[in-house]
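Working through the structure, step by step
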Amino acid sequence: MNGATLFDTQFALQIMPALLRAAVYTVGITIAGFALALVGGLVLALLRRSRSRLLSWPATGVIEFVRSTPLLIQLYFLFYVMPEFGLTLSALAAGTLGIALHYACYVAEVVRAGLNAVPRGQWEAASALSMSPWDVYRNIVLPQAIRPIVPALGNYLVAMFKDTPVLSAITVVELMLQAKNIGSQSFRYVEPITLAGLFFLIISIFVSLLVRKLEARLRLP
Amino acid sequence: MPHSNINASSIKSAVIGDPILRLRGVSKRYDKLTVLDNLDMDIEANEKVAIIGPSGSGKSTLLRVLMMLEEIDDGVIELDGEPLTHMSVNGALVPASASHRSKGRRNIGMVFQNFNLFPHMTALQNVAQAPNKVLGLSQQEANKRASELLDMVGLSDKLAHFPSQLSGGQQQRVAIARALAMRPRVMLFDEVTSALDPELCGEVLNVIRRLGSEHQLTMLMVTHQMGFAREFADRVCFFSEGKIVEQGTPEALFGAPAHERTQAFLRAVTEAI
């Protein structure tokens with residue numbers, strides 16, 4: 001090993017498997033977290049739009065609370081404080097759940113804007129055809145609400161992906177923590193941190209391209 | 001009029017000659033504004049009724065409460081002698097359940113001023129959607145019914161077109177086919193040509209004309225097309241301030257309007273042309 005080179009390719013290759021293993025966690029957390037965030041965001045948006053205050057006020061409270069506090073504090077609460085109340089989660093579960101809930105509240109606001117943008121006439125036309133509220137949402141309103149918000153949802157997906165290193169604070173060994181660990185063990189930070197950064201860059205660009213493809217596919221004539 | 005005072009046994013079952021739609025004391029208010037004012041109205045089966053009047057007179061609201069897009073504040077609407085928005089439980093009338101409302105609603109179809117087609121669906125999907133989802137027809141049956149209806153409105157070559165690829169007149173014809181696909185007995189037309197360029201009105205009115213002559217349909221039409229109302233309707237109702245001020249055959253109402261407000265309205269309308 002030549003200590004004088006700035007970037008040691010051989011060392012980089014040597015640490016690659018460990019970093020890739022951690023990267024699998026990062027991607028997995030993002031996919032699972034975003035799936036949960038989409039479902040949770042949709043539910044929160046529907047609750048917040050509900051005519052019943054019993055439903056809309058708690059939903060509004062959760063959304064505003066979560067959006068007004070840092071992700072890090074929410075994760076600490078889930079992982080370190082909730083066990084005091086009898087809810088003990090693994091670091092991975094707490095981390096995934098925490099980041100999902102955090103982004104669910106952002107997704108909820110985007111979905112709500114999308115739902116609000118669907119003209120009232122669409123509801124009326126569907127009601128006049130005797131469609132059930134469930135059918136109206138599923139077949140008429142949601143397909144129209146989702147299209148214009150796909151770019152915004154894509155942004156949140158990438159933002160969430162880049163936020164996963166926050167989970168290292170509650171000991172989830174994702175890519176960034178792995179890179180840091182390698183650095184502190186070998187006293188070489190350039191290679192692991194560079195590789196981690198490159199990995200984030202490549203995946204983010206790839207996801208952005210996918211989102212743009214999806215946008216184009218959903219576009220109506 | 002409190003609903004609980006109406007005895008359900010006094011409601012006659014539908015017999016021939018009974019109106020298909022009967023409104024008694026129907027009122028609709030927005031805050032202090034009264035849009036429908038204690039309205040009584042009977043509509044016979046297969047009758048073609050044109051509703052005219054100044055804007056804000058409650059014409060469109062009448063169609064919207066019949067379609068149950070708005071709740072009424074007072075009164076009863078009966079379809080075939082059955083209350084539409086209420087049902088009888090132990091002799092008393094209570095607000096109807098969702099399934100009761102949905103059943104009544106299926107007898108009524110509506111065409112809107114702004115078409116309100118589903119923009120993410122083709123013409124065929126627009127028409128086939130409700131028969132498939134609501135009536136439970138298979139996708140194949142629903143598509144067959146949809147393409148027959150689109151053929152009837154002269155759009156057999158546009159099945160795969162999206163609404164944005166159709167002209168206003170074509171969109172409105174799809175909307176008519178979509179409403180007909182539920183096989184309603186009453187069709188409500190809410191200013192269906194108002195959003196159209198004048199040269200496109202004819203194709204829509206022709207479809208409505210054909211519907212009237214070839215099908216057993218009760219039709220209520222809010223319209224500003226006095227010529228069409230005159231030619232098409234069995235009865236013309238002039239609305240003002242939430243009430244029917246005057247009604248009669250087209251010949252009587254257009255030829256010799258009795259009421260001052262009707263005269264003023266008709267004068268203003270003819271001057272505008």
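Residues numbered from 1 in each chain as written. Chains lettered and ligands numbered in written order. Predicted model: local features only at pLDDT ≥ 70, side-chain atom pairs only at ≥ 80, totals over all residues.

One finds B:Ile51, B:Val127, B:Leu150 and B:Leu188 to be the most contacted residues of the largest nonpolar core, which totals 80 residues. No other element matches helix α5 (residues 168-180) of chain B, which puts six residues into this core. Leaving out residues up to four positions away in the same chain, B:Leu188 has contacts with B:Leu63, B:Leu66, B:Met67, B:Ile108, B:Gly109, B:Met110 and B:Leu220. Ranked by size, the runner-up nonpolar core spans 45 residues in total, among them A:Ala94, A:Ala104, A:Leu157 and A:Met176. (Core = buried A, V, L, I, M, F, W, Y, C linked by C-beta atoms within 7 Å. Buried ≥ 20, exposed ≤ 12 C-beta atoms within 10 Å, placed from the backbone. Helix = DSSP H or I, 4+ residues; strand = E, 2+ residues; numbered from the N terminus. Contact = placed C-beta atoms within 7 Å.)

A few words now on the interface of chain B and chain A. Contacts between the two partners involve 21 residues from chain B, matched on the other side by 16 residues from chain A. Among the secondary structure elements, those contributing two or more residues to the side of chain B that touches chain A are α2 (98-105), β8 (108-111) and α3 (123-133) of chain B. Tallying contributions element by element places α3(B) first for the side of chain B that touches chain A, with three residues. Classifying every residue of the side of chain B that touches chain A gives 10 nonpolar, eight polar and three charged. (Nonpolar A, V, L, I, M, F, W, Y, C, P; charged D, E, K, R; others polar.)

Residues and elements named next belong to chain A. Contact geometry of helix α1 (residues 9-49) with helix α2 (residues 53-67) gives a least axis separation of 7 Å together with a crossing angle of 130°. For the element pair α1 / α2, the angle class is oblique. Considering how the two elements wind past one another, α1 and α2 form a crossing that is left-handed. Along its contact with α1, which presents Leu44, Leu47 and Arg48, the element α2 presents Leu55, Ser56, Ala59, Thr60, Val62 and Ile63. (Axes fitted to C-alpha atoms, helices over the stretch in contact; angles between N-to-C directions. Parallel < 35°, antiparallel > 145°, perpendicular 65-115°, else oblique. Left-handed = near helix turned anticlockwise from the far one by under 90°.)

Moving on, we get to the sheet that holds strand β3 (residues 48-52) of chain B. Residue and element names in this part refer to chain B. In spatial order, the strands read β8-β9-β10-β3-β11-β12; together these six strands make up an open sheet with mixed pairing. Every other strand in the sheet has two partners, leaving β8 and β12 (243-248) as the edge strands with one partner each. Across the sheet, the mean angle separating the axes of adjacent strands is 20° when strand polarity is ignored. (Pairing = 2+ DSSP bridges.)

The subject of this paragraph is α5(B). All names here are of chain B. Helix length check: α5, at 13 residues, gives a terminal C-alpha distance of 18 Å against a target of 18 Å (1.5 Å per residue), a fit within 8%. Summarising burial for α5: 12 of the 13 residues are buried, a large majority. Every buried residue of α5 is listed here: Gly169, Gln170, Gln171, Gln172, Arg173, Val174, Ala175, Ile176, Ala177, Arg178, Ala179 and Leu180. Its buried side turned inward, α5 meets β8, α3, α4 (139-152), β9 (186-190) and α6 (198-214). (Expected span 1.5 Å × (residues − 1).)

Here we take up helix α4 (residues 91-116) of chain A. For α4(A), which comprises 26 residues, the first-to-last C-alpha distance of 37 Å matches the rise-based estimate of 38 Å (1.5 Å per residue) to within 8%. With respect to burial, α4(A) is a largely interior element, 19 of its 26 residues being buried.

All names here are of chain B. Strand order across the open sheet formed by four strands is β2-β1-β4-β5, with antiparallel pairing between neighbours. Of all strands in the sheet, those bounded by a partner on one side alone are β2 (33-43) and β5 (82-83). Where strand β4 (residues 74-79) lies against β5, two bridges are found, and the strand directions are antiparallel. Looking at the pairing, Leu79 lines up with Glu82 of β5.

This brings us to the environment of A:Gly33. Residue and element names in this part refer to chain A. Mapped onto the elements of the fold, Gly33 is located in helix α1. C-beta crowding within 10 Å serves as the criterion here: with 27 such atoms nearby, Gly33 is assigned to the buried category. Sequence separation of Gly33 and Leu97 is 64 residues, and the distance between their C-alpha atoms is 6.7 Å. The residues contacting Gly33, other than those within four sequence positions of it, are Thr96, Ile99, Ala100, Tyr103 and Met160.

All names here are of chain A. Two elements in contact, α1 and helix α8 (residues 190-218), have axes separated by 10 Å at closest approach and are oriented at 50°. By the angle class used here, α1 and α8 are oblique. Considering the relative orientation of α1 and α8, their crossing is right-handed. Within the contact between the two elements, α1 uses Phe11, Ala12, Ile15, Leu19 and Ala23 and α8 uses Glu191, Pro192, Leu195, Ala196 and Phe199.

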